[in-house]
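Given next are the chains, with one letter for each unit.
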Amino acid sequence: MADTDFSAEIDALRHTLASIEQVSDVEKMTAEVAELEAQASAPDLWDDPEAAQKVTSKLSHRQADLKRIKSLADRIDDLETMVELAAEEDEPSLLDDANVELTSIRKALDELEVVTLLSGEYDQRDAVITIRAGAGGVDAADFAETLMRMYLRWAEQKGWSSKVMDTSYAEEAGLKSATFEINAPFAFGTLSVEAGTHRLVRISPFDNQGRRQTSFAAVEVVPLIESDDSIEIPENEIKVDVFRSSGPGGQSVNTTDSAVRMTHIPTGIVVSMQNEKSQIQNRAAALRVLQSRLLLQRKAEEDAKKKEMAGDVKASWGDQMRSYVLNPYQMVKDLRTGHEEGNPSAVFDGAIDDFIDAGIRWRAEQAKEAAAEAEADKG
């Protein structure tokens, strides 16, 4: 690559970074880090362990976000120095290294740019994910368990904490359903594009005749409720049942009726929790997830009213959003964005960043087109 090409590329990188810094509001991020550092140094911080954990976790993530932006600025400066040195000393190998670094910086900026698209009301929240086996019998239950592992592995690779809140095991293998939290800033905004119906096509390991089986699992993603959210549920709208927690195959893992099933009577929403140690803890966890689902439902109803006022806007999401095909060929394909990968094993092991990034960009583009159509209708 010629020096002039490098100069143009470096200018483009700086322009992209400047846009990211403006949208991210680096000054506000710096002030927030300072405020969190003050809270974290308070002598009575750990009097409330749960609150302390939230403060220290948020501080850690905010510091990492700020460092990420600043380190990219330093890397661009270093890249420019590397190119100048290569030109002065006529070292082709340095230009090769500069090409590698240029590609790496561009990829890092692309990833950071995706985060700037997460501007929804609840995008900064932690996420609560529920996976339910759909049509396909035992293969669907096995698929549901595979998807849960995929998301937990993805979170682990990013250094994000997670907590399994409820698991309902199928009789033969896999899960009927599972609910778990992913705790990190923007976890909901990031993972919300994973909501929908996932389809698996493979030779069933549970079929004695080795036939190909298609199975489905539904993924639901809601933002985690926070203490200042105004979601209050009257006691007479909630039905609470208690039962004994159990593990795979119906084997008892608890000798008391500590598990809780909570039903919201007006909407029919059902939440089960059994992974906490006591009935009180499971009840509190179930109520929090129920509030989270009602919060998202309220937001969806508000959005629906806005769309109705704006006119006929095409739907953004179809029921089936991704296919995982293991036979007769190997392919994972997102049916909304068209993004695909030829290594399903890596995807199931948590390599889903490219799918998520494509989904976030696709959603932003859909919103932009819908806004343009609504504006045109007004005209």
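Note that the structure is a prediction, hence the values are computed from the model and not measured. (Residues numbered from 1 in each chain as written. Predicted model: local features only at pLDDT ≥ 70, side-chain atom pairs only at ≥ 80, totals over all residues. Heavy atoms only, no water.)

1. Some remarks on the confidence of the model for the protein chain
Move 1: With 90% of its residues at a pLDDT of 70 or more, the protein chain shows a mean pLDDT of 85.
Move 2: For residues 249–254, every residue scores under 50 in pLDDT, and the model assigns this stretch nine contacts once sequence neighbours within four places are set aside.
Move 3: Segment residues 306–318 is flagged for pLDDT under 50; beyond a separation of four residues in sequence, or across chains, it makes 13 contacts in the model. (pLDDT = per-residue confidence, 0-100. Contact = heavy atoms within 4.5 Å.)

2. Some words on the side chain of aspartate 123
Move 1: With respect to the helices and strands, aspartate 123 occurs in the loop between helix H4 (92–115) and strand E1 (127–133).
Move 2: Notably, aspartate 123 is buried but unbridged: the nearest opposite-charge side chain belongs to arginine 363, and the N-O separation is 4.6 Å.
Move 3: Polar side-chain contacts of aspartate 123 include one of 2.7 Å to the backbone nitrogen of glycine 120.
Move 4: With near-sequence residues (within four places) excluded, aspartate 123 lies in contact with Leu118, Phe186, Ala187, Phe188 and Gly189. (Helix = DSSP H or I, 4+ residues; strand = E, 2+ residues; numbered from the N terminus. Buried < 20%, exposed > 50% of the residue type's maximum accessible area, 1.4 Å probe, protein only. Lys, Arg positive; Asp, Glu negative; His and termini not counted. Salt bridge = Lys/Arg side-chain N within 4 Å of Asp/Glu carboxyl O. Polar contact = N/O pair within 3.5 Å; in protein donor to acceptor, adjacent residues only side chain to side chain.)

3. Details of the environment of alanine 346
Move 1: Position of alanine 346 among the secondary structure elements: in helix H8 (residues 344–348).
Move 2: Judged by its relative accessible area of 30%, alanine 346 falls in the partly exposed class.
Move 3: For the pair alanine 346 and methionine 150, spaced 196 residues apart in sequence, the C-alpha to C-alpha distance is 9.4 Å.

4. Details of the environment of glycine 350
Move 1: Mapping glycine 350 onto the fold places it in the loop between H8 and helix H9 (353–378).
Move 2: Judged by relative accessible area, glycine 350 falls into the buried class, the value being 2%.
Move 3: In this structure the C-alpha to C-alpha distance between glycine 350 and glutamine 157, which are 193 residues apart in sequence, comes to 7.7 Å.
Move 4: In this view, glycine 350 contacts Met150, Arg153, Trp154 and Gln157; residues no more than four positions away in its chain are not counted.

5. Some details on the packing of aromatic side chains
Move 1: Per the stated rule, a full pass over the model turns up three aromatic pairs.
Move 2: On the basis of an interplanar angle of 80° and a centroid distance of 5.2 Å, the ring pair of tryptophan 154 and tryptophan 160 is categorised as edge-to-face.
Move 3: Owing to a relative accessible area of 1%, tryptophan 154 belongs among the buried residues under this scheme.
Move 4: Residues tyrosine 324 and phenylalanine 348 carry aromatic rings whose centres are separated by 5.2 Å and whose planes lie at 15° to one another, so their mutual orientation is stacked. Placement of the pair is tyrosine 324 in strand E9 (residues 320–325) and phenylalanine 348 in helix H8, with a sequence separation of 24 residues.
Move 5: Grouping aromatic residues by their ring pairs yields a cluster made of Phe143, Tyr324 and Phe348.
Move 6: Over the ring of tryptophan 160 we find lysine 158, and its NZ or CZ is 5.4 Å from the ring centre.
Move 7: The positively charged end of arginine 336 is found above the aromatic ring belonging to tryptophan 362, 5.7 Å away from the centroid. (Phe/Tyr/Trp six-rings, centres within 6.5 Å; stacked < 30°, edge-to-face > 60°. Lys NZ or Arg CZ within 6 Å of the ring centre and 35° of its normal.)

6. Here's the deal with helix H5 (residues 137–157)
Move 1: Between its first and last C-alpha atoms H5 spans 31 Å; for 21 residues at 1.5 Å apiece the expected length is 30 Å, and the two agree.
Move 2: Of the residues one or two after H5, glycine 159 is the one with positive phi, at around 80°. (Expected span 1.5 Å × (residues − 1).)

7. Observations concerning unusual backbone geometry
Move 1: Backbone torsion omega between asparagine 327 and proline 328 reads 15°, so that peptide bond is classified as cis.
Move 2: Looking at the element boundaries, proline 328 is found in the loop between E9 and strand E10 (331–334).
Move 3: Phi at aspartate 90 takes a positive value of approximately 50°, unusual for a residue other than glycine.
Move 4: With respect to the helices, strands and loops of the structure, aspartate 90 is situated in the loop between helix H3 (49–89) and H4.

8. Comments concerning the sheet that holds E1
Move 1: In space, the eight strands of this open sheet follow the order E2-E3-E1-E5-E4-E9-E10-E11, with mixed pairing throughout. Bordering the open sheet on either side are strand E2 (161–169) and strand E11 (340–341), each of which pairs with just one other strand.
Move 2: One ladder, built from seven bridges, connects E1 with strand E5 (residues 212–223); its direction is antiparallel. Paired with threonine 130 across the bridge in E5 is glutamate 220. (Pairing = 2+ DSSP bridges.)

9. A short note on the nonpolar core
Move 1: Of all hydrophobic cores here, the largest spans 57 residues; its most connected members are Ile131, Leu147, Tyr151, Ile182, Leu191 and Tyr324.
Move 2: When residues of this core are assigned to their parent elements, the largest contribution, nine residues, is made by H5.
Move 3: If you count residues domain by domain, this core takes at least three from each of domain 2 (127–227 + 312–377) and domain 3 (235–307).
Move 4: Listed in part, the 27 residues of the second largest apolar core include Phe6, Leu79, Ala86 and Leu109. (Core = buried A, V, L, I, M, F, W, Y, C linked by side-chain atoms within 4.5 Å. Domains from an automatic or database assignment.)

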